[in-house]
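Working through the structure, step by step
Listed below are the residues making up each chain.
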Number of protein chains: 2
Amino acid sequence: MLAGGVGGARFVRGVREEVRRHRPGASVDVIVNTGDDWWLAGLRITPDLDSMLYTLSGQNDEVRGWGRVGESERVSAELQAYGVTPEWFTLGDLDLGTHIARTAWLRAGATPSEVIARLQERWELGVTLHPATDDEVDTHVVVADPGAPGTDENAEGERELHFQEWWTRHRASIPALRFHQHGLHRAIPSVGALDALLGADIVLIAPSNPVVSIGTIVSIPGMAQAITASPGTVVGVSPIIAGAAVRGMADACLQAIGVATDAAAVAQHYGARSRVRHAASGIRGLLDGWLVASEDAAAVPVVEEAGITARAVPLWMRDLDTAADLARDAIDLALELRSRP
Amino acid sequence: MLAGGVGGARFVRGVREEVRRHRPGASVDVIVNTGDDWWLAGLRITPDLDSMLYTLSGQNDEVRGWGRVGESERVSAELQAYGVTPEWFTLGDLDLGTHIARTAWLRAGATPSEVIARLQERWELGVTLHPATDDEVDTHVVVADPGAPGTDENAEGERELHFQEWWTRHRASIPALRFHQHGLHRAIPSVGALDALLGADIVLIAPSNPVVSIGTIVSIPGMAQAITASPGTVVGVSPIIAGAAVRGMADACLQAIGVATDAAAVAQHYGARSRVRHAASGIRGLLDGWLVASEDAAAVPVVEEAGITARAVPLWMRDLDTAADLARDAIDLALELRSRP
């Protein structure tokens, strides 16, 4: 599976449940977005990996929708009093335990893959988490700033924010001109991600943000090639229902890359999987199959016209059962496509 | 002032109070022991500087005797669950805010002196804190271990523990053969410590552990020379009352260096200040004056025989008033010695 944070975690939990119920013996590997990661107060914060860890271990706050249940913020208040963290980003106390452990291990020489492996030893997750890459490729957002001078990184009249500042502080309200992953050209996929893709029967793309979650994962040099080369059948789930993002602020991200907030448009953006690059764009297509919401049944023929098999199914994950049903629909479509001659 | 942690902080608070009451305009610099410092979970912990910071800012837990008031340990429980900290050392949540801020600034290139300056900006301490050194000279304890092979650092049948493990985990119950400060020969005093000593009218040595607090400070190459060269008059306060350490486990430390747990023996160990080295030991004497407890009045002539002016005064710091009275006695003795022709 390819997945981002909170929304991705719900789908992964559904897949885990479906596997437990109907496909015992199947193993699930999750390639998790690392583009939202950043350094704050000398600590390495990896929001999507942590959302996975907390949701799959049952430690997540279901009511608030993110972070640990029973969380407090005593340390964060201290950090703000010392002026070491900004007032717009608080860190939970329980969550900080994870960040401190991670950073200690990283400083001692462990890779991010080794760190998440150690962290998940604490609970029986039932799936294996992998960072998309062990390299630091933190997403930045380029926005207009009429007075800004040109720099090596940016043209005159533009400036860059870390993704977290744009997302958390500004709630994605400043129009993004484009996204910029520092160090992307030097990055490679993690070994766990490559192993999982190249040994998969089915590759599922979670209904996560198609730009800054899934888009960031597949932009890592070598990742799209590994998906193309995978023996698995690739089925994605639309993150857009009836023209609106299921959660988060995906529309602000899609707008920046010129893609409509539309279940069919996202499938077209991902493209039909093919062993060759698309001649025009140089982009490799990802999808064999695509699930849209029942509300978006009209998108099915549009998607199929792009060479992607599509189905309209119930897409809202209201609870574990609906998430498991969605997982079953995705797996069923993949198996159906695999059984074709 | 030269001082260790909790006991030192009480005396510093007394000096601050005495200065506020009777000597406005005087400034107080405190050279704080850094030998108890260590790295834990990737964070730099400086117990003595933090005890100073919390006591002088009124954030300390008076009942427990150490740490922050209203402390909790939620993060520490997480760190232990991840296996990143040992079960015998817990870190308070509020205290962790300080450690995270410190470590972030250190990682960004600040010196320990710059870090404590930034931390104390948060409160009006009324004194200036300086680490004894900006170098890492963490104290280790050599203990007998019949089975241990010889290493570069230790002889056969010996092993080393970090001071914190010996002190906190074993409560100093394993006899110490000796103390070993890694990197001591490369260390130099902090600029703040040197400036304070070389510009002082009075140098006070707090009733802190004479081995692992005061002993560690003065063992930093150049520190004893700076005390010898200081224009200030040096008065120390005995950490031993009636043959017992006022607090902590000073007796276990004194035993390791062959000094009796006795107010006179500690003064003799510090030695009479002189512009020349003691021919026999190579050690520079520190003291012009020495305060012993009223209970130890019999020690006065013994100390004076060693060339150190001694007084017997009430030494128990039960509250702010008794601490301020002790500070006044120390300052009065220094002024008396300064007025001598």
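See above for the structure.
Residues numbered from 1 in each chain as written. Chains lettered and ligands numbered in written order. Predicted model: local features only at pLDDT ≥ 70, side-chain atom pairs only at ≥ 80, totals over all residues. Heavy atoms only, no water.

1. Let's talk about the nonpolar core
- Among the nonpolar cores identified, the biggest contains 116 residues, and A:F11, A:V30, A:L129, B:F11, B:V30 and B:L129 are the most heavily contacted of them.
- Residues contacting B:L129, with those up to four places away along its chain left out, are B:V30, B:V32, B:L49, B:M52, B:L53, B:L56, B:I116 and B:Q120. (Core = buried A, V, L, I, M, F, W, Y, C linked by side-chain atoms within 4.5 Å. Buried < 20%, exposed > 50% of the residue type's maximum accessible area, 1.4 Å probe, protein only. Contact = heavy atoms within 4.5 Å.)

2. Some words on the side chain of A:S190
All names here are of chain A.
- Tracing the backbone shows S190 in the loop between strand 8 (176-181) and helix 7 (191-198).
- At a separation of 2.7 Å, a polar atom in the side chain of S190 contacts the main-chain carbonyl oxygen of P131.
- Of the polar contacts made by the side chain of S190, one reaches the backbone nitrogen of A193; its length is 3.1 Å.
- Excluding residues that lie within four positions of it along the chain, S190 makes contacts with S113, H130, P131, A132, T133 and D134. (Helix = DSSP H or I, 4+ residues; strand = E, 2+ residues; numbered from the N terminus. Polar contact = N/O pair within 3.5 Å; in protein donor to acceptor, adjacent residues only side chain to side chain.)

3. A short note on the interface of chain B and chain A
- Each partner contributes residues to the interface: chain B has 29 residues there, and chain A has 29 residues.
- Both faces considered, chain B and chain A share a buried interface measuring about 2,400 Å² in area, 64% of it formed by carbon and sulfur atoms.
- When the area that chain B buries against chain A is broken down by residue, the three leading residues are B:R74, B:Y82 and B:I100, summing to 30%.
- At the boundary of chain B and chain A, one finds four salt bridges.
- In this structure, the salt-bridge partner of A:R68 is B:E78, at a minimum N-O distance of 2.8 Å.
- For the pair chain B and chain A, the interface holds 10 residue pairs in polar contact (both at pLDDT 80 or more).
- Here the side of chain B that touches chain A takes 10 residues from helix 4 (residues 93-107) of chain B, the largest share from any one element.
- Per-class residue counts for the side of chain B that touches chain A are 17 nonpolar, five polar and seven charged. (Buried area = accessible area lost by both parts, 1.4 Å probe. Salt bridge = Lys/Arg side-chain N within 4 Å of Asp/Glu carboxyl O. Nonpolar A, V, L, I, M, F, W, Y, C, P; charged D, E, K, R; others polar.)

4. Some remarks on the relation of the copies chain B and chain A
- In the superposition of chain B on chain A (RMSD 0.0 Å, axial shift 0.0 Å), the rotation amounts to 180°. The relationship between the two copies is best expressed as a two-fold rotation axis. Ranked by how close their C-alpha atoms come to the rotation axis, the residues of chain B are headed by B:D93, at 3.7 Å. (Least-squares fit on C-alpha atoms with pLDDT ≥ 70 in both.)

5. Overview of the sheet that holds strand 8 of chain A
Residue and element names in this part refer to chain A.
- Strand order in this open sheet of three strands is 7-6-8, and the pairing throughout is antiparallel. The sheet terminates laterally at strand 7 (158-162) and strand 8, the two strands that pair on one side only. With direction set aside, neighbouring strand axes in the sheet form an average angle of 30°.
- In this sheet, strand 8 lies alongside strand 6 (residues 139-144) in antiparallel orientation, the contact comprising five bridges. Paired with T139 across the two strands is Q181, which belongs to strand 8. (Pairing = 2+ DSSP bridges. Axes fitted to C-alpha atoms, helices over the stretch in contact; angles between N-to-C directions.)

Keep in mind that these numbers describe shape and distance, not what the molecule does.
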